[in-house]
Every structure is written in C-alpha cells, then in structure tokens.
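Below, each chain spelled out in residue letters.
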Amino acid sequence: MNASQFLVPGLQHFLVFGSLLFSLGIYGALSRRNAIAILLSIELMLNGVNILMVAFSRYITTTQELAGQVFAMFIISVAAAEAAVGLAIVIAVYRQRRTLQVDQLDLLKG
Amino acid sequence: MQAQLWTILGLPLMAFVVIVFFTRRSKDLSSFVAIGAMFGSMLLAYATFIQVAGGARAVSEFEWLRLFPAGASEAAGESGTALRLGIQADPLTALMLVVVTTVSFLVQVYSRGYMVEHGHKDPGFSRFFAYLSLFTFSMLGLVLANNLLFLFISWELVGLSSYLLIGFWYQKPEAWIAAKKAFITTRIGDIGFLIGLLILWNVGGSLQFTDLFEQADLRSGALFNASLLGQPVLFWACLGLFAGAVGKSGQFPLHVWLPDAMEGPTPVSALIHAATMVAAGVYLVARTFPLFEAVPQALSVVAFIGGFTAIFAGTMGLVNNDMKRVMAFSTVSQLGYMMLALGAGSIAAAMFHLFTHAFFKALLFLSAGSVIHATETNDVREMGGLRRKMPITFATMLIGSLSLAGFPLLSGFWSKDEILVAASENANVVLFAFAMLTVFLTAFYTFRMFFLTFAGAYRGHHHPHESPPVMTVPLILLAIPAAAVGLWGSPWMGFGFQRFLEGDRFREPVGSTPVMLTSVVLGLAGIGLAYAMYGMRQPAINPRTVGARSGGLYTLLLNRWYVDELYMWILDKLAIGTGAVLAAFDRQVLDGAINALAELWRGLGSGLRGLQSGRVQNYGLYLFGGVAAIAFALLVAQGGMAR
Amino acid sequence: MTGLGTSDPLTTVVGSIVFWIAAISGIVAAFMMVFQIRNMVRQALALTVVLGGIAGMYAIMGADFLAVVQLVVYIGAIIVLMIFAIFMTPGQVDNPGQSSAAQRAGAGVVAVLVFAASYFAITSQRWDVRGAALDISTIGPIGGLLFTRYLLPFEIVSALLTVALVGAIVIARED
C-alpha cells in the first residue's frame, strides 16, 4: 500500500477510525468516575459502531440495500432513548446522593 | 352352624367397634356392651361345642385374593392362586372356643370390679373393655382359622391387643417398657412364623390346613426335598412355625417378656398371659401337628425346648417376691410342659393340660388380682395373714394352687399325669427327669407364694378386705372348673376329653402307676417343704439360711439367670457397635462429602465475592475483557480454519 | 451527491480532505475528551466535535440522510440534553473524576485489547470492496425500508422511545 493509496480513504480507514472511537469510548466509560462522563463515553462507542455500519453499507453490500444505514438509524434512536433514561437516572441519583461518583454508588457490593 | 361360627367371631369385634365409636363416653354402657357380646359368644361357643361333640363339622371360607404370576392376568384366562380365608369347627377349635369365651367372659365380669379403685372407675375403663373385646375377637379368629394365613393375621392381632393391654397404664414407664419388650420379643418369633409361612406357601403351594396335611401325610413330595443341612424343607417350615410359638408362649429363649408383661392389669394377665394368648403357641403346634409329625427332628426340638423351659422357668419362680411374676414363671413352666407333651407326640396330653391350666391359672391370677386389689401391692413380703380377711379368695386360691401343684384328683393332677406318662414313654430320659423335677419345683414355689400371702401375720400397711361380689363370683365360678374339669379326661370318665379331641384316632392311654406315685410324692414334698419354710409360725427351715447357703445360686435365680442382662448386653453391643460404625460413616463420609461440597462452594463464593464490587465500572471491565477474549478466540479460530 | 471511490478525481480529492480533517479532529477530540479534559462541559463540547466529524464522514460515504440525522439528533438533542444534565448536577461539573489507578490500567488494557483485536481483524481480512458508490438520495429508500422490511423493529423502536420518554419523566420527576 503506497502513500497515495493510503491517503484516499477506503473501507479500512473508516473501520479503523470506528474501532479507535469504540476503544476510546471503552476506556472513557471504564475510567471516568462521573456518571455523565460515562454516558458521554458510551455515546462515543455507539458512534464508533455507527461508522462501521455505514461503512459496510457503503462498501460491502452489493445491492441497492441500505440495511446498514437503517441499523444506524435504529442505533441513533436507541442512543437517544438511552441518553434520556440514563440522564434521568443520573439526575435521580444526584438528588438522592448528591454525588455522581460511580465508585461511591456500590450498594450492590457482594 | 357356619353362621353361628361367624357370629361367635363377630360379636366381640362388634363390641369393640361399638365401644370405640359410640359408647366410649359411658363407662358402664361400654362394659355392658363388651360383657353382653362376650356372653352371647360364650353361649354360642357352648352350642358349637355340643354340636361338635355330636360329630358335626363345619368349614366356611371365602376367596380373599387371587394371586397371579408376574405378567399373567385374569383376562388372559389364567386362574392364578387363590388366597382363601375361612373358619372351621372341629374338636380342637371347639375346645379352644369354650376356653377362650369362658375365661374371657369371667375376666370381663371380674374387670368391672377390678378396674375400680376407691370407688372410681379407671379413666380408661371403656378403652379397657374395647381392648379386651378386640383381644377376644383376635383370639377367636386364631382358633377358628382354617388356614395359616388367617391364623397368622389373628396371631398378630392378638399380639397387638397384648401390647395395648400390657401398656394399658401407659403413664407408668414400667408398663410401656414392658409392652414394648413383649411386642418386640414376640416379633422375633413371629418373623420365624412368617418365614415358615412363606416356605409352606412357596413349596407347598397352599396355606390351607387340609392341603398341607395331605401333603405331609404322603411323607414325600416337594415338602420333603432335602434343603439346608440336609434336612427336609418341611423341617425348616416347622421350625419357623415353632419359633412363632416360642415367642408367643414365652418358651426359652424368648421367655423374657412374659414376667414383665405382668405390669398390665391383673385381669389381662389372667386372660391373655395365662389362659389364652400364651397358649396360642401350644395351640399352633397342636393345630399343625400333622406337619410336625412328619418330621420327627422338629418334634425333638419342640420337646427339648419345652422340657428345658419347664424346669428353667420353674427355678426362676422359686425366689421371686412378686406374686404375679411367680405365676408368670409358673405359666412359662406349664407351657413348657405342654410343649414337651407335644414333642413327645401327644396332642391330647398337651391340649388337656392347656385346657385345665387355662382354668386354674386364670383362677390363680384372678385370685391374685383380688389380693393385689386389697393390699395394693404385688410384693408377697408385704402380705401375709390374709386367710381370715379374704376367706373367699383364700379358698379359690387354695383350689388353684393345689390344682397347679398336681394335688391328686384336682384338674392339674390328671393333665400333668398325662404329660408325664407321655414324656416317660416317648421323650428323652433327661427331659423326663426335668419334667419330674419341675413337679417338685412347681409345688414348692406355688405354696411358697400361697403361704407368704395367706399364712402368718399381715406385714403390709393397708387394710385389706374381701373383694366385692363382682370379683368373687367369677372366682367361685372359675374355681369349679379349675377343680373339676380334669375329671373329664380321667380314666373314671373313660378319657372323655381325649376321646373327644382325637375322635377316631383315640387310643386309651396306658397309665403308669410308678410315674403317678412319684409325681404325687414329689408334689407333696414340694408343698411340705414350702410349709416348713414359710407356713409354720416357727419355720422348721429358715429361708434365709437356705438362701445364704446356696452360694451364688440364690442371686442367680433372683436375677433370672441373667438372661435379660445377657440379651441387653448383646443388644447393646450390637446396637452400639452398629450405631458407632454407621455414625462414623455418617459423620466422616456423608457429612464429610457434603461439607466438602459446601466448603468448595463457600470457598469459590468468597473468592468470587471480590468480583462483585458493586461498582458498575468493574463490571464493565469484566464485560469488555470478555469481549476482547472472545474476539481473539474467534480470530484464532478463524485463522486456524483459514490455514 | 457523490461519495468517495468514484472515478471523479475532484470528489475523490475533496472527499479525502474532508475525511482526514474529520478523522484527525475527531480522534484528537476523542483523545482529549477521554484522557485530558476535566470539565464536563468541555467534554461535551469535545464530543460534539467528534459527532460533527462523523456527520461529515456519513456525508462523504453517501449517507446524506444519516448525516443530517446525526446533526439533528445527536448534536441538536442528545448533546443538549447532556449539557442540561451537567447543569442540573451542580458541584459535579469540575469534578476531576478519574477512577483508581488499577481501574484505569485495567480499562486501558481492555481498550487496547479490543482495539488490537479489531485492528487485526480489519487488516488481516481481504475485503471484497464494491467500487462504485450508490449515487442516489437515501431518504426515499430508507423510508421505504423502514415501512416495509424493518417495520417491526421500527415499531419497537417507536415504542421504546415512547417508553423511554415516559420513563425518563417518571424517574427524574421530583416526588
């Protein structure tokens, strides 16, 4: 793979980009203590996946189908729902505990 | 006549049911129901007796179950094997009917007086009569049965009634312990009975007496095939049946329950543990005698056990101070006599003695009950001098004791003589010597007890007085047969009893004057010795000196040869040893395995517990760690496949 | 609108430039968001940059409708929602909020492993790539698919959204 081929983005560029976002999202979700920060990281992961969906839709499917884009639509919808409920929970928890530090929310400790 | 037999059997059962379900609350009514039913049964039994004496016989049976071999069925046209239950009347049965119903009736009447203390009826008054009715029903079923199965069922019911009645005063620990002991000890014999039954059913193919007797009379066939130790099958079957008889009749080595069974109310002792139930063993052997006759080895066993028990129990009776227990040993000893007679091949002698014994022993027990009722103790050391205070009881007791001791012309004399003659003719000489010696022992311990009770001065703390008529009238009524019933089997009446029982097979017994004279002398010597030791104001022989000079023998006898202790020791060792092994197995192996499992999961749990930190991010870590692991695994798998 | 991979050099060049701008800014913003920025509001803004870049990528891949949806739903709604939530939880905005070192190390290892697995899968695979982009407007086909083939998921997602809406209100409501 020479330089010009590398510069023109293809399927693998998008895939690597999406995976990178996904991995960064994992790290963020697992290392941040603030619940809202975790939600933000999760959004990052979802978007990484969405990139992959659309990229496969663009480069792989041979027909006129747009299944990947439809899936991405669904993921966006679910993300919206998740964000709504997640943030509602965050706010409810904050009212109760006056904190969003998830490592202090360990009532279910075994 | 069949309906009559079923009625005899049904009346006591009906009384039992009625008392249990309807009249329990009314003590008087319950007792009247029981006594009334018993009276009816008794009259019908007499009628049956007369009919049978006139030559009538009856059998009435019905099919209870039909057994099919595995895989066969009625629909397939297989006939299977029928289990039939039924009753019959023949001389042996008729005789037993008379004994059982008469003694039962008199005992029940007597109980109406005995079960009242200081004017208060016993709280279990109704229960008592219900049990008595149940017992009588079972006993009648036992003697009426025309096959071994029905006999066995009744046999077990009799055992149950005996258990219930021994433990009647279940508030007393001794009573229920004795009840348990009686039940378990007889159960050991009953297992033998059951085994015998199974052998006969398996090999003989039937439990009907008639079928079995036919096969036994052939002296060949399946029942005579050689089996264990080269003995015919029938020998083992007979031994099994005899084991049942040993348990029920308190023969050595299963005699230990009978003395303890005296914890029950005295009328019960009289009815069950003297006159009827304990005689069931003798009846069983007599009833199945054709089987025993076919294998002489079995008869020798019977003779030996009987002869040994007679003298063995007699020795134990010598020193006991409990009035009822002395009589219990006497019962065991007399039952040993009967077994000896059977072993010597004479049903007539055995049944004759059973017949007379039932009356005079019941009389003795009821008289003893009268004494106990008056003195409120069983201990002869706290009695004495009751001759003037209880004249009727004294008289009846005297009749019973003389009869038991074989005083000439009384019932016991005739029947005992018959047994001794049979033993002298057909039994081992040692057994005959045992039997003779037992005559002396019997006379001695009977009169020891008698003199301790009635002679001398009163040594107790109560104010004894004669019992009420409801008790004394049965005593007087019983005293008559106890004294005179033996005459029926005497040469003076042409051996009427033997003729009745044996029918066509009757052969006139050959009397033996030496035997008779020896036994009379021995009996009188026993009475005389007892008088010398206990009857005189200044004893010619001091019992204490005798006891002291006897060495360890006195203690040995007082402790009943330590047989109970031996059994308890063996049982203890056995039970504790087995228990220890099982406990160790349970603790080490079973518990160990379970604890190890539990420990494993606990360890796992406490190890994994750390994983559940309650922090969602830790969980996320595991989750994505798993995702990564799966992804790599898939890649490796894919790579492997691609290559 | 055309996407990358056509024979048209102009679109290829423009598309490549857009891709690299979006990719580099997105990755840098994501890195900063995850590793560096402490302030919640700034984090949200960094996420906005990433999301915007992604919208651009959708566009150059010919997913025009999705690009618009990305802008409207994510940036217009979800990010706004996040920022509201941040405002409604005072005292938490500047919270440094890093987990323990062990947790962070573990998270790093796991993230690297996941990325490594993905990267290995992506590069080791021979992709059967279709050269030509779909030169069509995607709104119509997506709408058609939503109401035909994916009708059931669509309905379920509608129900999910409704439930989430109600649930969010119930949960967040002050009692």
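Relevant structure appears above.
Fair warning: this is a prediction, and the values are worked out from it, not measured in the lab.

Draft legend 1. Up close: the overall build of chain B. The helix and strand tally for chain B stands at 26 helices and four strands. The buried share among the 643 residues of chain B stands at 55%.

Draft legend 2. Structural context of the pattern of salt bridges. Residue and element names in this part refer to chain B. Overall, the coordinates contain 11 salt bridges over all chains when judged by the stated rule. As a salt-bridge pair, Arg187 and Glu156 come within 2.1 Å of each other at their nearest N and O atoms. Within this pair, whereas Arg187 is found in helix H6 (residues 173–204), its partner Glu156 is found in helix H5 (residues 148–166), the two being separated by 31 residues in sequence. Among the salt bridges present, the one from Arg187 reaches Asp190, with a minimum N-O distance of 3.4 Å. Here Asp190 and Arg187 lie together in helix H6, a separation of three residues that amounts to about one turn. According to the relative accessible area criterion, Arg187 is partly exposed, its value standing at 22%. Classification of Asp190 by relative accessible area gives buried; the value is 3%.

Draft legend 3. The packing of helix H4 (residues 125–144) of chain B against helix H10 (residues 266–275) of chain B, seen in detail. Residues and elements named next belong to chain B. Where H4 contacts H10, the axes come no closer than 12 Å and their chain directions differ by 5°. Of the possible angle classes, the one that applies to H4 and H10 is roughly parallel. Packed against H4, whose contacting residues are Phe128, Leu132 and Phe135, the element H10 presents Pro267, Val268, Leu271 and Ile272 at the interface. Per-class residue counts for the contact of H4 with H10 are seven nonpolar, no polar and no charged.

Draft legend 4. Spotlight on helix H6 (residues 151–172) of chain C. With 22 residues, H6 of chain C extends 31 Å from end C-alpha to end C-alpha; this agrees with the ideal 32 Å at 1.5 Å per step. Regarding H6 of chain C, the residues found buried are Val157, Ala164 and Ala168 of chain C. Burial along H6 of chain C is one-sided: seen end-on, the buried residues are contained in an arc of 25°. Seen from the open side of H6 of chain C, the exposed residues pointing more than 90 degrees away from its buried face are Leu152, Ile156, Val163 and Ile169 of chain C. In this structure, the buried side of H6 of chain C is in contact with helix H4 (67–97) of chain A.

Draft legend 5. Representation of the interface of chain A and chain C. Between chain A and chain C, the contact holds 77 residues from the first and 89 residues from the second. Between chain A and chain C, the buried area comes to about 7400 Å², and carbon and sulfur atoms account for 75% of it. Where chain A touches chain C, the interface holds zero salt bridges. At the junction of chain A with chain C, the criterion picks out nine residue pairs in polar contact (both at pLDDT 80 or more). Every element with two or more residues in the side of chain A that touches chain C is listed here: helix H1 (3–7), helix H2 (11–31), helix H3 (35–59) and H4 of chain A. For the side of chain A that touches chain C, the element with the most residues is H4 of chain A, which contributes 24 residues. For the side of chain A that touches chain C, the residue count by class is 51 nonpolar, 19 polar and seven charged.

Draft legend 6. Unusual backbone geometry, seen in detail. In this chain, Phe252 of chain B is followed by Pro253 of chain B through a cis amide linkage whose omega measures 5°. Positionally, Pro253 of chain B belongs in the loop between helix H8 (233–248) and helix H9 (257–260). A positive phi angle, near 60°, is found at Arg98 of chain A, a position not held by glycine. For Arg98 of chain A, the position within the fold is in the segment after H4. Positive phi, normally seen in glycine, also occurs at Leu409 of chain B, with a value near 75°. One can find Leu409 of chain B in the loop between helix H17 (391–405) and helix H18 (411–426). On the basis of relative accessibility, which here comes to 45%, the residue Leu409 of chain B falls in the partly exposed class.

Draft legend 7. Up close: the environment of Thr186 of chain B. Residue and element names in this part refer to chain B. Looking at the secondary structure, you find Thr186 in helix H6. Owing to a relative accessible area of 5%, Thr186 belongs among the buried residues under this scheme. Residues Thr186 and Gly159, 27 residues apart in the sequence, show an inter-C-alpha distance of 7.7 Å. Residues within four places of Thr186 in sequence aside, it is in contact with Gly247, Lys248 and Trp257.

Draft legend 8. Main features of the interface of chain C and chain B. At the interface, 12 residues of chain C touch 10 residues of chain B. At the boundary of chain C with chain B, total buried surface from both sides reaches about 840 Å², with 73% on carbon and sulfur atoms. Broken down residue by residue, the surface that chain C buries against chain B is led by Gln103, Val110 and Ala117 of chain C, which jointly contribute 49%. In the side of chain C that touches chain B, the residues fall into eight nonpolar, four polar and no charged.

Draft legend 9. Inspection of the side chain of Ser60 of chain B at higher detail. All names here are of chain B. Among the structural elements, Ser60 can be located in strand S1 (residues 58–67). For Ser60, the side chain forms a polar contact with the side chain of Trp6, separated by 2.7 Å. When residues no more than four places from it in sequence are discounted, the contact partners of Ser60 are Gln2, Trp6, Leu85, Gly86 and Ile87.

Draft legend 10. Focus on helix H7 (residues 209–218) of chain B. All names here are of chain B. Residues of H7 that are buried include every one of Phe209, Leu212, Phe213 and Ala216, and no others. Buried residues along H7 cover an arc of 100° about the axis, so they all sit on one side. More than 90 degrees from the buried face of H7, the exposed residues found are Thr210, Glu214 and Leu218. Within two residues after H7, Arg219 carries a phi angle of roughly 60°, on the positive side.

Draft legend 11. Molecular detail of the packing of aromatic side chains. Residue and element names in this part refer to chain B. Counted under the stated rule, the structure contains 46 aromatic pairs over all chains. On the numbers, 5.9 Å between centres and 15° between planes, the contact of Tyr110 with Tyr114 is stacked. Placement of the pair is Tyr110 and Tyr114 together in helix H3 (residues 91–114), with a separation of four residues, close to one helical turn. Geometrically, the ring pair formed by Phe451 and Tyr531 is edge-to-face, given 5.5 Å between the ring centres and 65° between the ring planes. You can see Phe451 sitting in helix H19 (residues 429–454) and its partner Tyr531 sitting in helix H22 (residues 513–535), a full 80 residues away along the chain.

Draft legend 12. Main features of the nonpolar core. Core analysis: the largest hydrophobic core is formed by 197 residues, its most contacted members being Leu148, Leu200, Leu234 and Met351 of chain B. Tallying contributions element by element places helix H15 (residues 347–375) of chain B first for this core, with 20 residues. Each residue touching Leu234 of chain B, except ones within four places of it in the same chain, is listed here: Leu200, Ala216, Leu223, Phe224, Leu291, Ala294 and Val295 of chain B. Listed in part, the 82 residues of the second largest apolar core include Leu40 of chain A together with Phe19, Ala22 and Ile83 of chain C.

Draft legend 13. How the structure looks around a nonpolar patch on the surface. All names here are of chain B. On the surface, a nonpolar cluster with roughly 700 Å² of combined accessible area is contributed by Leu597, Leu600, Trp601, Leu604, Leu608, Leu611 and Tyr622. Element by element, the count of residues in the nonpolar patch is highest for helix H25 (residues 563–609), at five residues. With respect to the secondary-structure elements, Tyr622 resides in helix H26 (residues 616–642).

Draft legend 14. Representation of the environment of Phe355 of chain B within the structure. All names here are of chain B. Along the chain, the position of Phe355 falls in helix H15. You can call Phe355 buried: its relative accessible area is 5%. Between the C-alpha atoms of Phe355 and Ala482, which are 127 residues apart in sequence, the distance is 9.5 Å. Beyond its immediate chain neighbours, meaning those up to four positions away, Phe355 contacts Leu95, Val99, Val485, Trp488 and Phe497.

Definitions and cut-offs
Residues numbered from 1 in each chain as written. Chains lettered and ligands numbered in written order. Predicted model: local features only at pLDDT ≥ 70, side-chain atom pairs only at ≥ 80, totals over all residues. Heavy atoms only, no water. Helix = DSSP H or I, 4+ residues; strand = E, 2+ residues; numbered from the N terminus. Buried < 20%, exposed > 50% of the residue type's maximum accessible area, 1.4 Å probe, protein only. Salt bridge = Lys/Arg side-chain N within 4 Å of Asp/Glu carboxyl O. Axes fitted to C-alpha atoms, helices over the stretch in contact; angles between N-to-C directions. Parallel < 35°, antiparallel > 145°, perpendicular 65-115°, else oblique. Contact = heavy atoms within 4.5 Å. Nonpolar A, V, L, I, M, F, W, Y, C, P; charged D, E, K, R; others polar. Expected span 1.5 Å × (residues − 1). Arc of directions from axis to C-beta. Buried area = accessible area lost by both parts, 1.4 Å probe. Polar contact = N/O pair within 3.5 Å; in protein donor to acceptor, adjacent residues only side chain to side chain. Phe/Tyr/Trp six-rings, centres within 6.5 Å; stacked < 30°, edge-to-face > 60°. Core = buried A, V, L, I, M, F, W, Y, C linked by side-chain atoms within 4.5 Å. Patch = residues over 30% accessible without salt bridge, like charges linked within 9 Å, V, L, I, M, F, W, Y side chains within 5 Å. Areas by Shrake-Rupley, 256 points an atom, 1.4 Å probe, with all protein chains shown as cover.

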